[in-house]
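# Fold and geometry: a report
Chain by chain, the residues:
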Amino acid sequence: MTVRTRFAPSPTGFLHIGGARTALFSWAYARKNKGSFILRIEDTDVARSTPEAVQAILDGMNWLGLDWDEGPFYQMQRMDRYKQVLQQMLDAGNAYHCYSSKEELEALREQQMAQNIKPRYDGRWRPEPGKTLPAIPQGISPVIRFRNPQAGLVSWNDLVKGTISISNEELDDLIIARADGTPTYNFCVVVDDWEMGITQVIRGDDHVNNTPRQINMLMALGAAIPQYAHLSMILGDDGQKLSKRHGAVSVMQYDEDGYLPEAVLNYLARLGWSHGDDEVFSMDQFCAWFDLDHITPSAAQFNTEKLNWLNAHYIKQADAGYLADEVKKRQPALNFESGPELLKVVELYRERANTLNELAAGIVYFYQLPVIDEAAAAKHISPEILPVIHALSDALAMVEWTAAAIHELIQKSVTDHALKFPKLAMPLRVMLTGAGQSPAIDAVMELLGRDEVIRRIRAF
RNA sequence: GUCCCCAUCGUCUAGAGGCCUAGGACACCUCCCUUUCACGGAGGCGACCGGGGUUCGAAUCCCCGUGGGGACGCCA
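Summary of the structure given here. (Residues numbered from 1 in each chain as written. Chains lettered and ligands numbered in written order. Predicted model: local features only at pLDDT ≥ 70, side-chain atom pairs only at ≥ 80, totals over all residues. Heavy atoms only, no water.)

Turning our attention to the overall build of chain A. If you tally the helices and strands in chain A, you get 19 helices and 12 strands. Its C-alpha radius of gyration of 32 Å places chain A more than 25% over the 23 Å reference for a compact globule of 460 residues. Structurally, chain A occupies a C-alpha span of about 110 × 45 × 40 Å along its principal axes. For chain A, the proportion of its 460 residues judged to be buried stands at 51%. The contacts of chain A with a sequence gap of at least 6 include a subset with a gap of at least 24, amounting to 75%. For chain A, the computed accessible surface area is about 22,100 Å², with 51% contributed by carbon and sulfur atoms. In chain A, the 45 positive side-chain charges and the 59 negative ones have mean positions that sit 3 Å from each other. (Helix = DSSP H or I, 4+ residues; strand = E, 2+ residues; numbered from the N terminus. Rg over C-alpha atoms; globule rule 2.2 N^0.38 Å. Buried < 20%, exposed > 50% of the residue type's maximum accessible area, 1.4 Å probe, protein only. Contact = heavy atoms within 4.5 Å. Areas by Shrake-Rupley, 256 points an atom, 1.4 Å probe, with all protein chains shown as cover. Lys, Arg positive; Asp, Glu negative; His and termini not counted. Charge placed at Lys NZ, Arg CZ, Asp CG, Glu CD.)

Written as structure tokens, this is what we have:
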């Protein structure tokens, strides 16, 4: 059977890191098995769904390069079909109208909680042979409930967690259509997974409890039951649950912060999944290796340090032209025509940066006068060394302008004055770059250019 | 409260009864490289939640604790 997986976010916010990993695994499973990956937007919560959120999710998927084969399908555009199935279930006696008010149900819940039992619908409107239903109240539009089996066990072999069994006694008759007639989440999922021919449902483990209900409905419809794989959640850097107000950020924020999609993808792939000791791999490699057997069932804590390490790795590997473009995008105010070729500067600086933003910030002094770190200046630029540097700058005016020749010249000056190399290199570094750390000073000088180097030295 | 799930270094993980005096990666520490800071290289520190079983043998299987998480919506 051809593998068909899906990613089914609800457009109530951006695509965050947890959703991204769910999408990644679902996508990879389809790619690995030469199947199809379907994108479905679950927008039946009209009050909370927004077109902006849909776009944000699409943007996130695109940035990561998670391409889908079918969709995006929008559940709100499938209303007619849901209503048909709803009617079909009503006709077959698998569903029924319930006239209980929200207040009534709330009271029931509170009463059950007070008795320390699991709150659930008591079936007061559930038709049974020989049972007399309450009189239908006037002016109330009923909801539709699924007639869940009352005995037996629902169990499935979860591809991540192993066998999970839940007794039907734990389940109640869930609402599948609201009073206004719109179907609810669990019902839409069932109809869609069925009709879209989903073979493996890969989703967050907050859905474990929905699974037995969905299986029961699928069975009532005579539909094939897909396999389920429930991914555990991702915790924040501090071990706390991610939430809107705590650590949950859009994947696009990682773009803004200077992370490469390759790094984020590679990091996410290794969060909860492993392939022996392999840590760094491409998405092609990942798709070839990916399996559900090696997914951890336990929750994983996000670790920015490791992401940084991977990001630094991908910056070292990246095409210099790509890095240059990213730097330009991140330094819109700089005039790159006024200094050395950006490609060369990027090559010099790339291995010192963990993020594109660090790279972009690090190369600024090549294109505008640096802000001098006063502490570094005080430490390295002494009155005694100044004449030596000035003499050196005179000599620089006529040396061949290559890093090697410049280095030789500095070395000669060092020898002539019986100094150690840093005695000259450090003050030069501060004068030219503003700070006490930089790439090799001769390489910096070569790129900066003779005129600019002499100008900056003469300012002291 | 009820039900479900989870549990190896600080973190991500390897581990499917003997290959484990538990391996790798990030972080941290030391040394090397060096012109500073990085990069890179070599080392080091560091874990099987507890208790009972099963077995010749358990990180691995079972049970009970403990701890953590999730679900219990006319949200998804």
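Let's shift gears to the pattern of salt bridges. Here the structure, examined in full by the defined rule, presents 31 salt bridges. For the salt bridge of Arg6 with Asp193, the shortest nitrogen-to-oxygen distance reads 3.0 Å. One end of the pair, Arg6, is in strand E1 (residues 4-7); the other, Asp193, is in helix H5 (residues 185-195), with 187 residues separating them in the sequence. The partner of Lys118 in a salt bridge is Glu170, and the shortest N-O contact between them spans 3.5 Å. Of this pair, Lys118 sits in the loop between helix H4 (102-114) and strand E5 (143-146) while Glu170 sits in the loop between strand E7 (162-167) and strand E8 (175-177), placing them 52 residues apart in sequence. According to the relative accessible area criterion, Lys118 is partly exposed, its value standing at 44%. For Glu170, a relative accessible area of 35% gives the class partly exposed. (Salt bridge = Lys/Arg side-chain N within 4 Å of Asp/Glu carboxyl O.)

Let's shift gears to the protein's contact with RNA strand B. Around RNA strand B, the structure places 60 residues, and the nearest of them are Asp45, Asn116, Arg178, Arg352 and Ser438. Counted by atom, the contact set of RNA strand B within 4 Å of the protein is 69% sugar and phosphate. One of the backbone nitrogen or oxygen atoms of Tyr185 is found 3.1 Å away from a phosphate oxygen of RNA strand B. At 3.2 Å, a backbone N or O of Gly436 approaches a sugar or linking oxygen of RNA strand B. Among the elements of the structure, H4, E7, strand E12 (300-301), helix H10 (304-317), helix H17 (421-433) and helix H18 (441-448) are those that each provide at least two residues to the surface near RNA strand B. For the surface near RNA strand B, a count of residues per class yields 18 nonpolar, 20 polar and 22 charged. (Near = heavy atom within 4 Å. Polar contact = N/O pair within 3.5 Å; in protein donor to acceptor, adjacent residues only side chain to side chain. Nonpolar A, V, L, I, M, F, W, Y, C, P; charged D, E, K, R; others polar.)

Let us now look at the layout of surface pockets. Its boundaries defined by the atoms lining it, the largest pocket holds a volume of some 1,600 Å³. For the lining of the largest pocket, the secondary-structure elements that each account for two or more residues are E1, helix H1 (17-32), H5, strand E9 (200-204) and helix H6 (211-220). Per element, the largest residue contribution to the lining of the largest pocket is 4 residues, and it comes from H1. Taken together, the residues of the lining of the largest pocket break down into 19 nonpolar, 16 polar and 14 charged. Roughly 460 Å³ of volume is contained in the second largest pocket. Lining the second largest pocket are 21 residues, with Lys102, Leu105, Arg109, Arg145 and Ile175 positioned closest to its centre. Listing elements by their share of the lining of the second largest pocket, those giving two or more residues are H4 and E5. (1 Å grid on protein atoms, 1.4 Å probe; cavity = no way out; pocket = protein on both sides within 12 Å on 5 of 7 lines; lining within 4 Å. Points joined across faces, edges and corners; volume = space filled by probe spheres on them.)

With a relative accessible area of 4%, Arg6 lands in the buried category. Those residues in contact with Arg6 that sit more than four places away from it in its chain are Ser26, Phe37, Ile38, Arg40, Val189, Asp193, Ile198, Gln200, Val201, Ile202 and Arg203. Here the side chain of Arg6 touches Asp193 through a polar contact of 3.0 Å, side chain to side chain.

The antiparallel open sheet is built from 3 strands, whose spatial order is E4-E5-E8. Two strands in the sheet have a free side with no partner beyond their single neighbour: strand E4 (95-98) and E8. Strand after strand, the sheet turns through a mean of 45° between neighbouring axes, direction not considered. Across 4 bridges, E4 lies against E5 in antiparallel orientation. Within the sheet, the bridge partner assigned to Cys98 lies in E5 and is Val143. (Pairing = 2+ DSSP bridges. Axes fitted to C-alpha atoms, helices over the stretch in contact; angles between N-to-C directions.)

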